[in-house]
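Architecture at a glance
The lines below spell out each chain.
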Amino acid sequence: KQWYQRRVRGVLNLEEGMLVSCDKDIPPLLQPSSEVLHFITSLEFIVDKEPQIGACFKKDGPLGVGYGDYPNFQDWMAGWSHCRNTNQKFPVGFMTMIGDELHNALEKGLTVLEPGCGRGRHVLAVAKRYPNSKFTSFDIDAKCIELNKVDAEKEGITNIDFVTGDFCNMKPEWQGHFDYVMIFDCMHDLPHPALAMKGLKGVLKENGIVSMLDIDTSTDMVEQTKEPMSAVLYNISLHHCMSVSLSGGGVGLGACWGVELARKMLGEAGWNQEDIRIITKVIPGHAVYVLKKGNGISA
């Protein structure tokens, strides 16, 4: 199957993909908050999936491995989010990177939607920092939603409504309801990302914005495998991101779908190219897509 063949070719670039330093001063890449080190710990929840992933290569084998087979994934993602958020002074650093007007508007009060919240690390931090804004945060994983409610209560955070929901089929009552939609690390895992992209405009008010954080890669696999971290990214994509999408009858984008394909798909979903801004090289290894509807958000 072509999906699996392509990802394993990326993984086999391993010789060029690992960086080791013996310098006296430990570089940031090897610090405890390093996303690189955290990526390597993904072996903990993917190494035992080798037989199941191997079966997917067979013509008569399954398309993928489902979310239910990765019981530790959400906790791992929460740890990764913590590393990145610590390094980027989240949430204020993130919001001001998008624009001071977003930060100022959140201070005054916005209605915010977060699809695919997982263990809620992003929305809990944002809601705590911006208590005048109201948040709706959802995930298809009901267990995560219940755990997030407990975490919010412990933190004394009362401006989040955690609910179960499907990003590819958002609730009708959300139409035209939100000023801001924030998405972190989930678009490439979805079975039908094109449907999710189309739905984003519908849930925004007449003027609003979307921010979508995802992996910063090139869709061109030849170019991407020149990057040192490509082996790690393709390995995780092969063993989780692509596979869970395919298991749900999806398209199997995977983590290395790339900026070029993302821009193309957003255009096909109805977003004008002039309303798409892509921020790269600010958050290491990530691209942030900022999508504007109408006049966007003013302070």
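The structure contained in this document is the topic of the report that follows. (Residues numbered from 1 in each chain as written. Predicted model: local features only at pLDDT ≥ 70, side-chain atom pairs only at ≥ 80, totals over all residues. Heavy atoms only, no water.)

To continue, consider the overall build of the protein chain. Looking only at helices and strands, the protein chain features 14 helices and seven strands. In the protein chain, which comprises 299 residues, the proportion classed as buried is 52%. Roughly 13,900 Å² of accessible area belongs to the protein chain as shown, and the carbon and sulfur atoms make up 54% of that amount. (Helix = DSSP H or I, 4+ residues; strand = E, 2+ residues; numbered from the N terminus. Buried < 20%, exposed > 50% of the residue type's maximum accessible area, 1.4 Å probe, protein only. Areas by Shrake-Rupley, 256 points an atom, 1.4 Å probe, with all protein chains shown as cover.)

Now for the pattern of salt bridges. Evaluated as defined, the whole model comprises 11 salt bridges. Two residues, K49 and D48, come together in a salt bridge whose shortest N-O distance is 2.9 Å. Under the relative-accessibility criterion, D48 is labelled partly exposed at 49%. Between E146 and K149 there is a salt bridge, and its shortest N-O distance comes to 3.4 Å. Residue E146 and its partner K149 are located together in helix α10 (residues 142-155), separated by three residues, close to a single helical turn. On the accessibility criterion, K149 (39% relative accessible area) is partly exposed. Put simply, R119, R121 and D151 are held in one network by salt bridges that share partners. (Salt bridge = Lys/Arg side-chain N within 4 Å of Asp/Glu carboxyl O.)

What follows covers helix α13 (residues 230-247). For α13, which comprises 18 residues, the first-to-last C-alpha distance of 24 Å matches the rise-based estimate of 26 Å (1.5 Å per residue) to within 8%. Of all the 18 residues making up α13, 17 are buried; the element is thus mostly covered by neighbouring parts of the structure. Among the residues trailing α13, G249 stands out with phi positive, at a value near 75°. (Expected span 1.5 Å × (residues − 1).)

With that settled, the discussion passes to the packing of aromatic side chains. Per the counting criterion, the structure on display carries nine aromatic pairs. For the ring pair F138 and W174, a centre distance of 5.0 Å and an interplane angle of 35° mean the geometry is tilted. Here F138 is found in strand β2 (residues 134-139), whereas its partner W174 is found in the loop between β3 (160-164) and β4 (178-184), with 36 residues between them in sequence. Per residue, the accessibility class of F138 equals that of W174, and both read buried. For the ring pair W174 and F178, a centre distance of 6.3 Å and an interplane angle of 75° mean the geometry is edge-to-face. Since its relative accessible area comes to 7%, W174 is described here as buried. (Phe/Tyr/Trp six-rings, centres within 6.5 Å; stacked < 30°, edge-to-face > 60°.)

If you walk across this open sheet you meet the seven strands as β3-β2-β1-β4-β5-β7-β6, and the pairing is mixed. The open sheet has two edge strands, β3 and β6 (276-280), and neither has a second partner. Between one strand axis and the next, the sheet turns through 15° on average, direction left out of account. Sheet analysis places strand β1 (residues 111-114) next to β4, joined by two bridges and oriented parallel. Residue pairing in the sheet places V112 in a bridge with Y180 of β4. The sheet contacts of α10 involve β2 and β3, and relative to β3 the element is tilted by about 165°. (Pairing = 2+ DSSP bridges. Axes fitted to C-alpha atoms, helices over the stretch in contact; angles between N-to-C directions. Contact = heavy atoms within 4.5 Å.)

Counting buried residues along strand β7 (residues 286-293), six of its eight residues qualify, which places the element largely inside the surrounding structure. Bridge count for strand β5 (residues 204-215) against β7 is eight bridges, and the pairing is antiparallel. Its bridge partner lying in β7, S211 is registered against V290. Connecting β6 to the next strand, β7, in antiparallel fashion are five residues, including K281 with a positive phi near 65°.

Helix-helix packing: each pair is described by the crossing angle between the helix axes and the interaxial distance. It is the contact of helix α11 (residues 193-203) with helix α14 (residues 259-268), at a shortest axis distance of 9 Å, that shows an interaxial angle of 55°. Between α11 and α14, the angle is such that the two are oblique. Between α11 and α14 lies a crossing whose hand is right-handed. Across the interface between the two elements, P193, A194, M197 and K198 of α11 pack against M265, L266 and E268 of α14. (Parallel < 35°, antiparallel > 145°, perpendicular 65-115°, else oblique. Left-handed = near helix turned anticlockwise from the far one by under 90°.)

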